[in-house]
Amino acid sequence: MAAPASEFRPGGSGDVAAAGAVAGGPGRSGAAGPGSPVVLRAGLKKYVLPPDYSGVTLPERTKLKFMDKVPAVPKVRREPRRLRDIRGPSGEATEFTQGQYGILALGGGYLHWGHFEMMRLTIGRCMDPKTMFAVWRVPAPYKPITRKSLGHRMGGGKGPIDHYVTAVKSGRLVVEVGGRCEFGEVKHFLARVAGKLPFPAAAVSRDTLQRMREEEEEKQLNNQNPWTFERIATANMLGMRKYLSPYDLRFKGRYWGKFFLQHRV
Amino acid sequence: MAALSGGGPWRRGWLPALQVVRHASKAVTRHWKAMHFQRQKLMAVTEYLAPKPPIPEQCLPPKKEVVEEEDGYVRLLRRQVAEAFRDNRMIVVCQYNPMPNEDMLLMRHYLRKHNIEVKFFLNEIVRPVLSQSKYKNLLPLFVGRNIVLVSPETKAKEMLRVLRGVPQINLLGACIDDTILSKKGVENFAKLPSLEASQGQTVGALALLPSQTCSLLQRGPVRLAALLDEYIRQLQAGASPSQSSEAH
């Protein structure tokens, strides 16, 4: 029966700013005279100041650029498979440049024109071009993929070029979104797009990415296991390097093929 | 027969002399490539172990996150509470149960006629304000849903009459002229005669003795005068029968 007032407090300030005070806010004495009867509830509303977007400038073209299926100069020479462009951590486009939110790749894979169109149309449909902008962080498809015609036996040389793809390594940003918006508005459609990509991906903001990295570092520091992959591999304990690749010295057990093992330290 | 890879141990970044697997899928595959059992064991041995505190968190009392943010709005409300307690002689705390809006409006109207204001204060704001003022003993009242009736005058009788008509508002306690009263105390206070009447009574009680002073002082001579009058009457009565008997 006797419940403290804090229990009745409405849910804490959300990401969306509450512009202006609610008329007849709870907690205020009913000083209004013979006006409408104000039913006052317990709990104090915390009025959050709206976020300050003064430093944000929108580029001219806010929507995602159209990506060509085939590069302007199509490749004549067929290239070997070179799957190492999928393997391991990414070296480029790992940090935010223009926007505040984006899609982070948590695995390696190839993006073809269909993926690009899906991303462009979905994000273009869900975002507000007047207040938000989106920017590609991956190049247009450049790597030619050959395909042999169906139903033929092996042999007869390498097949002709079928389509072009973009290689994406884990830890790379695919799309960046920014503008006068909060993460709460943007993460809905970013997560949906991230689920449709051929590799595991997640919607991140600058804060969440930094927190992810800090957590990884913390895990490395407070790991109670004295045996780490890095230690055993570099010292070649028990001749483990017989079963490991030279790349494992660099990847330290976090990468296996195109997969990124996030739970490992 | 295991194939031997070239190069000797003096080459930088040496590869193992024997390569375990000859014909297998490439290093990067679309599916999850099966790991060698030794590698699986290595991965299992080098798993992450989270630090465990000596006493598990479930056994300790939960840590309450203290968020201290001095809001301007909170400060304003606290100032209003302090003003209400300072400027008004009568402060009554009542339990507030949900009631129809019309009844609420009527009750406030009737109370306003007697210059009693109905105030809604949040417990989380009132409690710290009271605990640092002289009204510390009113703290137990500010638990649960309550309202505060304040007035610069002390019209307890009219207030009780109005509240009697509203079953959803129950009087918990009051502080009238810096005196804490319970419900019964307020009722007794209401039964007291008004200030003028009690002043008149006091004046009358005080004036009673001085009013008797005059009659007290005059009692001796008055008794003497009465006795003399009686004597004169007796003499006259004695003289008149003798005169009447002499006339006959």
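One can find the structure itself at the top, above this paragraph.
Cut-offs applied
Residues numbered from 1 in each chain as written. Chains lettered and ligands numbered in written order. Predicted model: local features only at pLDDT ≥ 70, side-chain atom pairs only at ≥ 80, totals over all residues. Heavy atoms only, no water. Axes fitted to C-alpha atoms, helices over the stretch in contact; angles between N-to-C directions. Helix = DSSP H or I, 4+ residues; strand = E, 2+ residues; numbered from the N terminus. Parallel < 35°, antiparallel > 145°, perpendicular 65-115°, else oblique. Contact = heavy atoms within 4.5 Å. Nonpolar A, V, L, I, M, F, W, Y, C, P; charged D, E, K, R; others polar. Buried < 20%, exposed > 50% of the residue type's maximum accessible area, 1.4 Å probe, protein only. Lys, Arg positive; Asp, Glu negative; His and termini not counted. Salt bridge = Lys/Arg side-chain N within 4 Å of Asp/Glu carboxyl O. Left-handed = near helix turned anticlockwise from the far one by under 90°. Pairing = 2+ DSSP bridges. Patch = residues over 30% accessible without salt bridge, like charges linked within 9 Å, V, L, I, M, F, W, Y side chains within 5 Å. Areas by Shrake-Rupley, 256 points an atom, 1.4 Å probe, with all protein chains shown as cover. Charge placed at Lys NZ, Arg CZ, Asp CG, Glu CD. Expected span 1.5 Å × (residues − 1). Arc of directions from axis to C-beta. Core = buried A, V, L, I, M, F, W, Y, C linked by side-chain atoms within 4.5 Å.

S.K.: Before we go on, may I ask you to explain the packing of helix 3 (residues 101-113) of chain B against helix 5 (residues 156-164) of chain B in this structure?
M.R.: Packed helices, taken two at a time, are described by the angle their axes make and the gap between the axes. All names here are of chain B. At their nearest, the axes of helix 3 and helix 5 sit 10 Å apart, and the two run at 170° to each other. It follows that helix 3 is roughly antiparallel to helix 5 by the angle criterion. Between helix 3, through Met-107, Tyr-110 and Leu-111, and helix 5, the contact on the second element is made entirely by Met-159, Val-162 and Leu-163. Here the contact of helix 3 with helix 5 is composed, by residue class, of 6 nonpolar, no polar and no charged.

S.K.: Help me understand the side chain of Lys33(B), please; the structure alone is not making it clear to me.
M.R.: Mapping Lys33(B) onto the fold places it in the segment before helix 1 (37-45). Buried Lys33(B), no salt bridge; nearest opposite-charge side chain is Asp248(A), N-O distance 9.1 Å. Aside from chain neighbours lying at most four places away, what touches Lys33(B) is Trp256(A), Ser25(B), Lys26(B) and Ala27(B).

S.K.: Explanation requested: the packing of helix 1 (residues 113-126) of chain A against helix 2 (residues 183-196) of chain A in the structure shown.
M.R.: Residue and element names in this part refer to chain A. Where helix 1 meets helix 2, the closest approach of the two axes is 10 Å, and the angle between their N-to-C directions is 165°. By the angle between their directions, the pair helix 1 and helix 2 is classed as roughly antiparallel. In terms of crossing hand, the pair formed by helix 1 and helix 2 is right-handed. Of the residues in helix 2, those touching helix 1 at His-115, Met-118, Met-119, Thr-122, Ile-123 and Cys-126 are Phe-189, Leu-190, Arg-192, Val-193 and Lys-196. Here the residues of the contact of helix 1 with helix 2 are counted per class, giving 7 nonpolar, 2 polar and 2 charged.

S.K.: Help me understand the sheet that holds strand 5 (residues 161-168) of chain A in this model?
M.R.: Through backbone hydrogen bonds, the strands of a sheet pair up, either in parallel or in antiparallel fashion. Residue and element names in this part refer to chain A. With antiparallel pairing, the 3 strands of this open sheet are ordered in space as 2-5-4. Two strands lie at the open edges of the sheet, namely strand 2 (109-112) and strand 4 (143-146), each paired on one side alone. The mean angle between the axes of side-by-side strands here comes to 50°, regardless of whether they run parallel or antiparallel. Pairing between strand 4 and strand 5: 4 bridges, direction antiparallel. The residue of strand 5 that forms the bridge with Lys-143 is Val-165. Its contacts with the sheet put helix 1 on strand 2 and strand 5, and the angle it makes with strand 2 is roughly 70°.

S.K.: Looking at this model, I keep getting lost on a negative patch on the surface. Mind explaining?
M.R.: Residues Glu214(A), Glu215(A), Glu217(A) and Glu218(A) make up a contiguous surface patch of negative charge. Considering the arrangement of structural elements, one finds Glu215(A) in helix 3 (residues 206-221).

S.K.: So what exactly am I meant to see when it comes to helix 2 (residues 72-87) of chain B here?
M.R.: Because each turn of an α-helix spans 3.6 residues, side chains separated by three or four positions end up pointing in the same direction. Residue and element names in this part refer to chain B. Relative to the 22 Å expected for 16 residues at 1.5 Å per residue, helix 2 spans 22 Å between its end C-alpha atoms, a close match to the ideal helical length. Buried within helix 2 are the following residues: Tyr-73, Val-74, Leu-77, Val-81, Ala-84 and Phe-85. One face of helix 2 carries all of its buried residues, which in axial projection span an arc of 110°. Away from its buried face by more than 90 degrees, helix 2 exposes Arg-79, Arg-86 and Asp-87.

S.K.: Can you help me understand helix 3 of chain B in this one?
M.R.: Residues and elements named next belong to chain B. Taking 1.5 Å per residue, 13 residues should reach 18 Å; helix 3 reaches 18 Å between its end C-alpha atoms and fits that length. Taken as a whole, helix 3 has its buried residues at Met-104, Met-107, Arg-108 and Leu-111. What you see down the axis of helix 3 is that its buried residues fit within an arc of 95°, all on one side. Away from its buried face, by an angle of more than 90 degrees, helix 3 presents the exposed residues Glu-102 and Lys-113.

S.K.: Can you help me understand the nonpolar core in this one?
M.R.: Side chains of a nonpolar character, in soluble globular proteins, are inclined to be buried together. Counting residues in hydrophobic clusters, the biggest one holds 29 residues, and the most contacted among them are Leu111(A), Met119(A) and Ile123(A). Residue assignment for this core shows that the elements contributing at least two residues are strand 1 (101-105), helix 1, strand 3 (132-136), strand 6 (173-179) and helix 2 of chain A. Considering every element that reaches this core, the biggest residue donor is helix 2 of chain A, with 6 residues. Ignoring any residue separated from it by four or fewer positions in sequence, one finds Ile123(A) in contact with Leu64(A), Ala134(A), Val175(A), Phe189(A), Leu190(A) and Val193(A). Within the second largest apolar cluster, 26 residues are counted, among which are Val92(B), Met107(B), Leu111(B) and Ala190(B).

S.K.: So what exactly am I meant to see when it comes to the sheet that holds strand 3 of chain A here?
M.R.: Residues and elements named next belong to chain A. The sheet built from 4 strands is open, its strands ordered 3-6-1-7 with antiparallel pairing. Two strands bound the open sheet, and with one partner strand each, they are strand 3 and strand 7 (201-205). Ignoring strand direction, the axes of neighbouring strands in this sheet form an average angle of 20°. Judged from the 5 bridges that link them, strand 1 and strand 7 form a sheet pairing that is antiparallel. By the bridge assignment for strand 7, Ala-105 is matched with Ala-201.

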